[in-house]
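# Per-entry structural report
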Amino acid sequence: MEKSFSESYAAAGVDVTAGYKSVELIKSHVKKTNIPGVIGGIGGFGGMFEIAANEYKNPVLVSGTDGVGTKIKLAMLMDKHDTIGIDCVAMCVNDVACSGAKPLFFLDYIACGKNYPEKIEQIVKGVADGCVQAGCALVGGETAEHPGLMPDEDYDLAGFTVGIGDKDKLVSGNHLKAGDVLIGVASSGIHSNGFSLIRKVFDINEETIQVYYEELGKTLGEELITPTRIYVKPLLALMEKVTVNAISHITGGGFYENVPRMLKDGFTAVIEKDKCFKKPIFDLIQKTGNIPERDMYNTFNMGTGLVIAVDADKAEEAVRILEENGERAAVIGVIKAGETGVELC
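Computed from a predicted structure; not experimentally measured.

### What about the overall build of the protein?
- When you go through the protein residue by residue, the secondary structure sums to 12 helices and 14 strands.
- For the protein, whose C-alpha radius of gyration is 21 Å, the value lies close to the compact-globule estimate of 20 Å for 345 residues.
- Principal axes of the C-alpha set define a box for the protein whose edges measure 80 × 55 × 30 Å.
- By the burial criterion, 49% of the 345 residues in the protein qualify as buried.
- For the protein, long-range pairs separated by at least 24 residues make up 85% of all intrachain contacts whose partners lie at least 6 apart in sequence.
- Summed over all atoms, the accessible surface of the protein reaches about 16,200 Å², with 50% contributed by carbon and sulfur.

Below, the structure is given as structure tokens:
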């Protein structure tokens, strides 16, 4: 008797029925991300979103894409998959918001060795939770089984977002000037960068992630899995009231790579380390791995997820607005004329 296509495909390692079940399981999570502009539901060949262009004088679309790197290995070891999607959303929407744009919609891509519908549901739940935090819609995605290419239990996650902003209000760094004040906004922890180094420093495995550290007040795994903070709503609230001259999202490359990206030629960002936010996890990493301080600031956010430049006379107001919107914020430095780069003092 001739086998059906689905039976043959299953024999090759791809379970079509598992894909159908995954879609059914994630529908409720996707639904909670719906916002005005969403057209149709999941399952079509393309996610559709209607842009209210009349709300903008000169609308510009701003896009971003990213993944979560080897932090996924930690999620696998902990068998905890319901927050890694928040990280994926954060890495994309924070970048878009740093340009002064409002994220509109998001799409995810999950590659897995084998489709376990309940695991896929947990991953997408995290993505949906991140979209709710960012105020954008999850309009589509893809789950692809890669038998023979990836072990059954492994997966990778990436995302893509599109936002919109008024051309005259986008944050380009062109208005940056000497005397501008730098405001730091606290991170929630490691976020999603530097995990290859962390895994080496702590010899990350099923046993080491269970070690409890007094200085952390939790296990190493619990600290490291903490989701990346999503700054979209606080940033948009800030930009409604205060002109923001430049923003840096402190991701991979830490301060030394990311802060210069917000600068025009001929300006230096001077940041006082003692005024920045610190979390015990960074001291633990540095001590355990015997890592030079410069390497720490060249790899991690060190407790500060955003650096924002505003006019000096708007700094106090900017800190107040950010704090009113749930963030920890403080003045951490200043812009001066000089060689393009960052000085940590």
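There is more to say after this.
### Description of the pattern of salt bridges
- Considering all chains together, one arrives at 15 salt bridges under this definition.
- Among the ionic pairs, Asp82 bridges to Lys80, the shortest N-O distance being 2.9 Å.
- For Lys80, a relative accessible area of 29% puts it in the partly exposed group.
- Salt-bridge contacts for Arg229 lead to Glu327; the nearest nitrogen and oxygen are separated by 2.8 Å. Taken together, the residues span a long stretch of sequence, with Arg229 in the loop between helix H7 (220-224) and helix H8 (232-241) and Glu327 in the loop between helix H12 (315-324) and strand E13 (329-337) at a distance of 98 residues.
- Since its relative accessible area comes to 32%, Arg229 is described here as partly exposed.
- Put simply, Lys314, Glu317, Arg320 and Glu324 are held in one network by salt bridges that share partners.

### Re the sheet that holds strand E4 (residues 102-112)
- In spatial order, the strands read E3-E6-E4-E5; together these 4 strands make up an open sheet with mixed pairing. The sheet is open, and its two borders are formed by strand E3 (59-67) and strand E5 (137-145), each paired with just one other strand. In this sheet, adjacent strand axes meet at a mean angle of 15 degrees when their direction is disregarded.
- Alignment of E4 against strand E6 (residues 155-166), held across 10 bridges, turns out to be antiparallel. By the bridge assignment, Pro103 is partnered in E6 with Gly163.

### Focus on the packing of aromatic side chains
- Taken as a whole, this structure holds 4 aromatic pairs when the rule is applied.
- An angle of 70 degrees between the planes, with centres 6.5 Å apart, marks the rings of Phe202 and Tyr213 as edge-to-face. One end of the pair, Phe202, is in the loop between helix H6 (195-201) and strand E8 (212-213); the other, Tyr213, is in strand E8, and 11 residues separate them in sequence. We note that Phe202, like Tyr213, is buried.
- With a centroid separation of 5.4 Å and 65 degrees between ring planes, the pair formed by Phe255 and Tyr297 is classed as edge-to-face. Placement of the pair is Phe255 in helix H9 (residues 254-258) and Tyr297 in helix H11 (residues 293-297), with a sequence separation of 42 residues.

### Observations regarding the packing of helix H4 (residues 84-98) against H8
- Running from N to C, H4 and H8 cross one another at 10 degrees; their axes reach a closest spacing of 9 Å. Taken together, H4 and H8 sit at an angle that is classed as roughly parallel. The residues of H8 that touch H4, namely those facing Val93, Asn94, Ala97 and Cys98, are Val232, Leu235 and Met239.
- When the residues that make up the contact of H4 with H8 are grouped by side-chain class, the tally is 6 nonpolar, 1 polar and no charged.

### Observations regarding the side chain of Thr304
- Of note, Thr304 is situated in strand E12 (residues 304-310).
- A polar contact is formed between the side chain of Thr304 and the backbone nitrogen of Phe277, at a distance of 3.5 Å.
- Residue contacts for Thr304: discarding those within four places in its chain leaves Gly184, Val185, Ala186, Ser187, Ile250, Phe255, Cys276, Phe277 and Ile332.

### What to know about unusual backbone geometry
- The phi dihedral of Asp79 falls on the positive side, at around 50 degrees, and the residue is not glycine.
- Checked against the element boundaries, Asp79 lands in the loop between helix H3 (71-78) and H4.
- The class of Asp79 is exposed, set by a relative accessible area of 59%.
- Positive phi, close to 55 degrees, is recorded for Met302, a residue that is not glycine.
- Within the secondary structure, Met302 sits in the loop between H11 and E12.

### Some remarks on the pairing of E4
- Buried residues dominate E4, accounting for 8 of its 11 residues.
- The pairing of E4 with E5 spans 8 bridges and is parallel. When the bridges of E5 are listed, Asp108 appears paired with Gly141.
- Traced from E4 through helix H5 (residues 117-134) to E5, the parallel crossover comes out right-handed.

The rules behind the values
Per chain, the residues get numbers from 1 upward, laid out in the order the sequence is written. Residues qualify for local features only when their pLDDT is at least 70, as the model is predicted, and side-chain atom pairs are given and counted only at 80 or more; totals for whole chains, interfaces and linings, by contrast, use all residues. Side-chain numbers here rest on the full set of heavy atoms in the structure, without hydrogens or water. For the purposes of this entry, the term helix denotes a DSSP run of H or I that reaches at least four residues, the term strand denotes a run of E that reaches at least two, and both are numbered from the N terminus. Throughout, the radius of gyration refers to the C-alpha atoms, and the reference size of a globule is 2.2 Å times the residue count to the power 0.38. Classification of residues uses two cut-offs on accessible area relative to the type maximum, computed with a 1.4 Å probe and protein chains only: under 20% is buried, over 50% is exposed, and between them is partly exposed. Note on contacts: a residue pair qualifies if any of its non-hydrogen atoms lie within 4.5 Å across the two residues. Only the protein chains shown count as cover for residues, and the accessible areas themselves come from Shrake-Rupley with a 1.4 Å probe. Any carboxyl oxygen of Asp or Glu within 4 Å of a side-chain nitrogen of Lys or Arg constitutes a salt bridge here. Strands were regarded as paired on the criterion that DSSP finds at least two bridges between them. Here, axes are lines fitted to C-alpha atoms. For helices the fit covers the stretch in contact, and angles between N-to-C directions go from 0 to 180 degrees. Only the six-membered ring of Trp is used, alongside the rings of Phe and Tyr, when aromatic pairs are assigned; centres must lie within 6.5 Å, and planes under 30 degrees apart are stacked while those over 60 apart are edge-to-face, with the rest tilted. Here roughly perpendicular refers to angles of 65 to 115 degrees, roughly parallel to angles under 35, roughly antiparallel to angles over 145, and oblique to all remaining angles. Side-chain classes are defined by residue name, with Ala, Val, Leu, Ile, Met, Phe, Trp, Tyr, Cys and Pro counting as nonpolar, Asp, Glu, Lys and Arg as charged, and the others, Gly among them, as polar. In the analysis that follows, any N or O atom pair within 3.5 Å is treated as a polar contact, provided that within protein one partner can donate a hydrogen and the other can accept it, and provided that, for residues neighboring in sequence, both atoms belong to side chains. By convention a crossover is right-handed if, when the strands point away from the viewer, the path from the first strand over the helix to the second runs clockwise.

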